[in-house]
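For reference, the chains in residue letters:
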There are 2 protein chains.
Amino acid sequence: MEELRLIEEIRKRAGSPGKGVRAGIGDDCAVLDYDSKKYLLWAADMLVEGTHFSVKEAGYRKIGRKAVAVNISDIAAMGGVPAYITVAAGIPPRMDRTAVRAVYDGIFGMCKDHGIRVIGGDTNRSDSLVISVSIIGFVEKKRLLRRNGAKEGDLILVTGPVRDGRRDHLDFVPRLKEARFLSARYSIHSMIDVSDGIAPDLGRICAESGLGCKVYAGSIPLSRRLTLEDALYYGESFELLFTMSATESRKLFLDMRSGRRAPLYFIIGEMSRKSGGLRLIRDEGRSVALKTKGYRHL
Amino acid sequence: MEELRLIEEIRKRAGSPGKGVRAGIGDDCAVLDYDSKKYLLWAADMLVEGTHFSVKEAGYRKIGRKAVAVNISDIAAMGGVPAYITVAAGIPPRMDRTAVRAVYDGIFGMCKDHGIRVIGGDTNRSDSLVISVSIIGFVEKKRLLRRNGAKEGDLILVTGPVRDGRRDHLDFVPRLKEARFLSARYSIHSMIDVSDGIAPDLGRICAESGLGCKVYAGSIPLSRRLTLEDALYYGESFELLFTMSATESRKLFLDMRSGRRAPLYFIIGEMSRKSGGLRLIRDEGRSVALKTKGYRHL
């Protein structure tokens, strides 16, 4: 059963999330009413040995680190600031105390870097290592970013150069600073973090916003050794993908130019009518359909 | 590495949970400030195939059901009402669409019975089935129940007759009604749900409250076929274990007597000084130490 379809089914069955919930399934986080100024953001992402990492490749510390990082990335994509996590871990009998501690070293290290408190936990025996982190964060009401706000004619931007999900997925730094910078200064219409690939994740923005898109293949900023195919369909880069008006993006690029840092935001396409579908424009001008299925499926 | 010790280590490393958090690791839920009347309760519990269930024994629907029920039980033990869940699932390739749907049938059925909304989800490929539910609920400030409030001389009570964790762990109804009834009418000093066995879970109340206890073996209300050993050390019964003053418990029993229902609350012992340790008093008067290790360990 393919993942996107399964999520769609679950969402239909879940129905309307009800009073007090601004966003349920269909965004990186659920959004709950909190106080007069802020919303509460809530997400849960699970890492499974053999699917998201192999211990041999990763080492235990990096696995713990990534389990927190993917959750921070969900909070970042909504424009918010992470605050608390709970950690439910399934631990195989082969792991000794040193190995278990290394996992938690990674977890606590990442939390320390981002001012996050660990306030709940649960440990279980399991055949393979599973780490399921749930995260709570907060966002000022005006700075909430969702997937459903893209408008026709919006430019599509991505942070980058896009990291190589096959090689860097354990070490990536979630784009929290960038998301907070963007949500403070610019009118961003929609945002998502790229966990499954630019194509499926942009597909989610299109679906939620009721639009189509054009992506210019040559404009996707690839990091060294990353192929276009992997940028589009492999994912695990955890870059931010977002849309804003052309006028607003000019402001962003003027601001960028005055700084001395390497370029960090790249225009890769634009939002179009739904009827136009999701198109990838090759350098020679030929256009092909963007597939919305990513690498990972059930 | 033994589970209680691991949790203790994690807790030390987590440190003080900080402003805005009333309780972190060491209770069934984390407790966050919410509004002037209520606290937000937050827990996460994971079910792992082979550890908490076998598919052959359970059927997929019951597994989904239990994944939600154990989380509702955490909210109940704090005196609160569940409101929302997120579901992160690790799904093995052998499961077809019907099987996956059956898991979600169980999840949604349990949610419907308790007025809970599913507002977030994540699905992953995994070798064995893993369901990690995170739950948010709310509790009126005055009705919050914790593990650390037991007082010397408190009577120890348990709901029951204690269910058989080996046989009933898939079908149990979380003691939500009972917890809400108790937290509305009586001054309850401490409460926990029995997931690991009366002994280890009572051990947690003792540790959090800085006390010891005496449990009268003959007074533990066993359901049919349940052995004392399993009631004490196997767990998975998800009964509520709580403490209150003798005066307060008289009120409870007077109220109970006027009803026509079968008895549901049973006195099984009393809280004592820490120096007395945790003791099990056998019918012949001999006393032995209660072990605080449960059946499940890593």
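What counts, and at which threshold
- Residues numbered from 1 in each chain as written.
- Chains lettered and ligands numbered in written order.
- Predicted model: local features only at pLDDT ≥ 70, side-chain atom pairs only at ≥ 80, totals over all residues.
- Contact = placed C-beta atoms within 7 Å.
- Helix = DSSP H or I, 4+ residues; strand = E, 2+ residues; numbered from the N terminus.
- Nonpolar A, V, L, I, M, F, W, Y, C, P; charged D, E, K, R; others polar.
- pLDDT = per-residue confidence, 0-100.
- Pairing = 2+ DSSP bridges.
- Axes fitted to C-alpha atoms, helices over the stretch in contact; angles between N-to-C directions.

On to the interface of chain A and chain B. Listed as interface residues are 47 residues of chain A and, on the opposing side, 47 residues of chain B. At the level of elements, α1 (3–14), β3 (38–48), β4 (81–91), α4 (97–113), β5 (117–125) and β6 (130–140) of chain A are the ones that each hand at least two residues to the side of chain A that touches chain B. With nine residues, β5(A) is the single largest residue contributor to the side of chain A that touches chain B. Its residues assigned to classes, the side of chain A that touches chain B comprises 24 nonpolar, 14 polar and nine charged.

Averaged over every residue, the pLDDT of chain A is 92; the share at 70 or more is 96%. Scored as a complex, the prediction yields pTM 0.93 and ipTM 0.91.

In this section: the sheet that holds strand β12 (residues 278–281) of chain B. Residue and element names in this part refer to chain B. The strand order across the open sheet built from seven strands is β8-β10-β7-β11-β9-β12-β13, with neighbouring strands paired in mixed fashion. Looking at strand neighbours, the two that pair on one side only are β8 (190–193) and β13 (287–289), the edges of this open sheet. Direction aside, the axes of adjacent strands within the sheet are offset by 25° on average. Bridging between strand β9 (residues 212–216) and β12 involves four bridges; their strand directions are parallel. Bridged to Cys213 within β12 is Leu278.

Before going further, it helps to examine the sheet that holds strand β3 (residues 38–48) of chain B. Residues and elements named next belong to chain B. Read from one edge to the other, the open sheet built from six strands follows the order β1-β2-β3-β6-β4-β5, with strand pairing classed as mixed. Since the sheet does not close on itself, it has two edges, and those belong to β1 (21–23) and β5 (117–125), each with one partner. The mean angle between the axes of side-by-side strands here comes to 20°, regardless of whether they run parallel or antiparallel. Of the pairings in the sheet, the one linking strand β2 (residues 30–33) to β3 comprises four bridges and is antiparallel in character. Bridge pairing in β3 places Leu32 opposite Leu40.

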